[in-house]
Amino acid sequence: SAVISQKPSRDICQRGTSLTIQCQVDSQVTMMFWYRQQPGQSLTLIATANQGSEATYESGFVIDKFPISRPNLTFSTLTVSNMSPEDSSIYLCSACRGHEQYFGPGTRLTVT
Amino acid sequence: AQKITQTQPGMFVQEKEAVTLDCTYDTSDQSYGLFWYKQPSSGEMIFLIYQGSYDEQNATEGRYSLNFQKARKSANLVISASQLGDSAMYFCAMRGTVNSGNTPLVFGKGTRLSVIA
């Protein structure tokens, strides 16, 4: 299995501020994925991050709000910008090894 | 486009009994992969089992088995000998292209399983 770590594991932030979430994979992967899970909901894909190119965002998510970096094949960051209470969610990064897809432990964000 | 449907918002099962969690899917892809994940209250997503669309046999992993019926487009998860620690949310997911790590998963809405002592 792949080992994926995320930092921070949780945070409480004030509205209008930004938070950057880090994701580290224990081996090189082509694509990394960022998901959001709002309270009581399923996982929704935010964007796909490929090393060396701009992330591809899903409908409803924009780069200005969720900028993503992918500086190398084992690391990615997601920034949640200008936060509002509606951004309170769990944010998960994910990567594949073979046909299996693994997730980091998630970042539980609360915006007050 | 791919779609996953989980029609059971919540399920109860007696400890040591077996339980089936339903999942149906829709896709125009000929090659795809089906996944089940467990999410306990801690929030982590735990990979349980995988079935490729061309796999002839149903996947099994310990107490988990996937009842794959391709013609019906269903991929139900069967948990045998339920344990209290099985209480969690369970998500069915799929990805087009069996072995590609370059396409993301699409998730169903999940089923909350509660195991009763």
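The rules we used
Residues numbered from 1 in each chain as written. Chains lettered and ligands numbered in written order. Predicted model: local features only at pLDDT ≥ 70, side-chain atom pairs only at ≥ 80, totals over all residues. Heavy atoms only, no water. Phe/Tyr/Trp six-rings, centres within 6.5 Å; stacked < 30°, edge-to-face > 60°. Buried < 20%, exposed > 50% of the residue type's maximum accessible area, 1.4 Å probe, protein only. Lys NZ or Arg CZ within 6 Å of the ring centre and 35° of its normal. Contact = heavy atoms within 4.5 Å. Buried area = accessible area lost by both parts, 1.4 Å probe. Helix = DSSP H or I, 4+ residues; strand = E, 2+ residues; numbered from the N terminus. Nonpolar A, V, L, I, M, F, W, Y, C, P; charged D, E, K, R; others polar. Pairing = 2+ DSSP bridges. Axes fitted to C-alpha atoms, helices over the stretch in contact; angles between N-to-C directions.

A.B. asks: Hey, could you go over the packing of aromatic side chains for me, with residue numbers and the actual values?
C.D. replies: For the structure on display, the rule yields 14 aromatic pairs over all chains. Ring plane angle 15° and centroid distance 6.3 Å describe the contact between B:Phe35 and B:Tyr37, whose orientation is recorded as stacked. Considered together, B:Phe35 and B:Tyr37 belong to a single accessibility category, that of buried residues. Grouped by ring-pair contacts, the aromatic residues A:Tyr35, A:Tyr102, A:Phe103, B:Phe35, B:Tyr37, B:Phe47, B:Tyr50, B:Phe91 and B:Phe107 constitute a single cluster. Positioned above the aromatic ring of B:Tyr64 is the side chain of B:Arg63, whose terminal nitrogen or guanidinium carbon lies 5.7 Å from the ring centre.

A.B. asks: How would you sum up the interface of chain A and chain B? Please name residues and give values.
C.D. replies: If you look at the interface, chain A gives 21 residues, while chain B gives 22 residues. Between chain A and chain B, a total of about 1600 Å² is buried, with carbon and sulfur atoms accounting for 57% of that surface. Among the residues chain A hides against chain B, the three largest losses belong to A:His99, A:Gln101 and A:Phe103. Together they make up 32% of the total. Of all the secondary structure elements, the ones that give two or more residues to the side of chain A that touches chain B are β4 (31–37), β5 (44–50), β9 (89–97) and β10 (100–103) of chain A. Considered class by class, the residues forming the side of chain A that touches chain B number 11 nonpolar, eight polar and two charged.

A.B. asks: Mind laying out unusual backbone geometry, listing which residues take part and the relevant values?
C.D. replies: A negative phi angle characterises most non-glycine residues, just as the trans form characterises most peptide bonds. In this structure, A:Pro8 follows A:Lys7 across a cis peptide bond, with omega equal to -5°. For A:Pro8, the location among the structural elements is in the loop between β1 (4–7) and β2 (10–13). Even without being a glycine, A:Asn82 presents a positive backbone phi close to 45°. Considering the arrangement of structural elements, one finds A:Asn82 in the loop between β8 (75–80) and β9. Of note in this structure, B:Lys16 is not a glycine but carries a positive phi near 80°. Summarising the element assignment, B:Lys16 is placed in the loop between β2 (10–14) and β3 (19–21).

A.B. asks: Any chance you could break down the sheet that holds β1(A) for me, citing the residues and the numbers?
C.D. replies: All names here are of chain A. Taken in spatial order, the four strands make up an open sheet running β1-β3-β8-β7, and their pairing is antiparallel. One side of each edge strand has no neighbouring strand; the edge strands of this open sheet are β1 and β7 (68–72). Taken pair by pair, the neighbouring strands of this sheet meet at an average axis angle of 15°, ignoring direction. Two elements, β1 and strand β3 (residues 19–25), share four bridges in a ladder whose sense is antiparallel.

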